[in-house]
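Fold and geometry: a report
What follows is each chain in one-letter form.
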Amino acid sequence: QPPFVNAVAAVQTGRSEWEVWQAIRSVEQDLGRQRNRRWEARRIDLDILLYEEHRIWTPHLKIPHPRMCMRRFILVPAMDVAADWVDPVSHATIEQLATSLQAGAGSLLLVASDNTKPETILEEVARLAMAQWRSLSHREPATFQAVEPLGSTKEARWVACLAADRVEHSSSLLVFDPTPKLIVALAEPVAAQTASWEDYHQNVATRLGLTAADANCQAWPFAGARYLLASDDRSWAVHELVSALEAMDCPVEPIG
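Heads up: these notes are all about the structure in this document. (Residues numbered from 1 in each chain as written. Predicted model: local features only at pLDDT ≥ 70, side-chain atom pairs only at ≥ 80, totals over all residues. Heavy atoms only, no water.)

**Structural notes on the overall build of the chain**
Summing up its helical and strand segments, the chain has seven helices and eight strands in all. Pairs at least 24 apart in sequence give 62% of the contacts found in the chain among residues at least 6 apart. (Helix = DSSP H or I, 4+ residues; strand = E, 2+ residues; numbered from the N terminus. Contact = heavy atoms within 4.5 Å.)

Okay, here's the thing in structure tokens:
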């Protein structure tokens, strides 16, 4: 996309999350918003980033905004109005999340099962990001892979693949150097054609802290920003990972 204007506002309202969502959709429609395809440039795009400490995970509405923690163009302006607001998923403040994204190049850790063939996905991510793929090291059961921008000696983007079914078996695997800015959990393909992937993976979303956990929910072992990604469409998974890396590094400049 070409350069665009982005702004963040903090408001006080007596409306519920769903009422606010309906209100901003009405504003978008009044301003000529058309929804033809995803990721296209648009006249207006309004999103709810946070609503107090509420956590909602549905096919239509997700709060906190699931991609907020990876987008520099959201977090940097958000610091002007809500620097001390806390993301209830990562438990980090807006300022902490923004500071992390502005410190060095974007990086992510991919947590996935072997069924999703994460290595081939990451190879494609590296190709589309115009990056060089190479192996840094191998420590069972984690495999670390690096992605570095071609011709660059100043920045390094890296991704790692960790088998999701072995995450809990060793606390030593939960310490990474450097610490990834974003952890992406790659969900298994949806088996039921009649269910949306959000409904089908509600238990995963709960474990990640995207929704309120019940007493029997196993705690997610990683701290910090995280994102649940559906793997029903391989090309979509690749696109999301490339976009995440780009959103972490995109330049942000004030226009006032």
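**Notes on helix H2 (residues 72–82)**
Of all 11 residues in H2, eight are buried; the element is thus mostly enclosed. Buried residues of H2: Arg72, Phe73, Ile74, Leu75, Val76, Pro77, Ala78 and Ala82, and no others. In this fold, the buried residues of H2 make contact with helix H3 (94–101) and helix H7 (234–249). (Buried < 20%, exposed > 50% of the residue type's maximum accessible area, 1.4 Å probe, protein only.)

**So, H7**
Compared with the 22 Å implied by 1.5 Å per residue over 16 residues, the 24 Å span of H7 between its first and last C-alpha is a close match. Those residues of H7 lying buried are Ala237, Val238, Glu240, Leu241, Val242, Ala244, Leu245, Ala247, Met248 and Asp249. (Expected span 1.5 Å × (residues − 1).)

**Remarks on the packing of helix H4 (residues 118–128) against H7**
Contact pair H4 / H7: the axes reach a minimum separation of 9 Å and the direction vectors enclose 50 degrees. Here H7 runs oblique to H4, going by the angle between their axes. H4 and H7 meet at a crossing whose hand is right-handed. Counting all contacts with H4, which are made through Thr120, Ile121, Leu122, Glu124, Val125 and Leu128, the residues of H7 involved are Arg234, Val238, Leu241, Val242 and Leu245. Looking at the contact of H4 with H7 residue by residue, the class counts come to eight nonpolar, one polar and two charged. (Axes fitted to C-alpha atoms, helices over the stretch in contact; angles between N-to-C directions. Parallel < 35°, antiparallel > 145°, perpendicular 65-115°, else oblique. Left-handed = near helix turned anticlockwise from the far one by under 90°. Nonpolar A, V, L, I, M, F, W, Y, C, P; charged D, E, K, R; others polar.)

**Here's the deal with the side chain of Thr211**
Within the secondary structure, Thr211 is located in the loop between helix H6 (202–208) and strand E8 (226–229). For Thr211, a relative accessible area of 8% gives the class buried. A polar contact of 2.9 Å, which involves the side chain of Thr211, links it to the side chain of Thr206. When neighbours within four sequence positions are excluded, Thr211 is seen to be in contact with Arg55, Trp57, Gln202, Ala205 and Thr206. (Polar contact = N/O pair within 3.5 Å; in protein donor to acceptor, adjacent residues only side chain to side chain.)

**Concerning unusual backbone geometry**
Residue Ile63 is joined to Pro64 through a cis peptide bond whose omega torsion reads -5 degrees. At Glu52, a residue that is not glycine, the phi angle is positive and equals roughly 50 degrees. As for its position among the elements, Glu52 is in the loop between helix H1 (17–30) and strand E1 (56–57). A positive phi angle is found at His91, which is not glycine, with a value near 65 degrees. By secondary structure assignment, the location of His91 is in the loop between H2 and H3. For His91, a relative accessible area of 62% corresponds to the exposed category.

**Points about the pattern of salt bridges**
As enumerated under the stated definition, the model contains three salt bridges in all. Taking the shortest distance from any N to any O, the salt bridge between Arg127 and Glu124 comes out at 2.6 Å. Taken together, the residues span about one helical turn, with Arg127 and Glu124 both in helix H4 at a distance of three residues. Overall, Glu124 belongs to the partly exposed group, its relative accessible area being 25%. (Salt bridge = Lys/Arg side-chain N within 4 Å of Asp/Glu carboxyl O.)

**Digging into the pairing of strand E7 (residues 182–186)**
Regular strands have side chains that alternate between both faces of the sheet. Here E7 lies mainly inside the structure; five of its five residues are buried. Residue alternation in E7 divides its side chains into two sets, Leu182, Val184 and Leu186 and Ile183 and Ala185, and both sets are buried. Two strands pair when backbone bridges link them, and E7 and E8 are joined in this way by four bridges, in the parallel orientation. When the bridges of E8 are listed, Val184 appears paired with Tyr227. (Pairing = 2+ DSSP bridges.)

**Some words on the packing of aromatic side chains**
In total, this model carries three aromatic pairs according to the counting rule given. Pairing Trp18 with Trp21 gives two aromatic rings, centres 5.6 Å apart and planes at 90 degrees, and the pair type is edge-to-face. In this pair, Trp18 and Trp21 both sit in helix H1, three residues apart, roughly one turn of the helix. Exposure remark for Trp18: the relative accessible area of 37% places this residue in the partly exposed category. According to the relative accessible area criterion, Trp21 is buried, its value standing at 15%. Relative to Trp197, the ring of Trp57 has its centre 5.7 Å away and its plane inclined at 80 degrees; by these criteria the two rings are edge-to-face. Residue Trp57 is found in strand E1, and its partner Trp197 is found in helix H5 (residues 197–200); the two are separated by 140 residues along the sequence. Here Trp57 falls in the buried class, since its relative accessible area comes to 7%. The ring centre of Trp57 lies 4.9 Å from the NZ or CZ of Lys62, which sits over that ring. (Phe/Tyr/Trp six-rings, centres within 6.5 Å; stacked < 30°, edge-to-face > 60°. Lys NZ or Arg CZ within 6 Å of the ring centre and 35° of its normal.)

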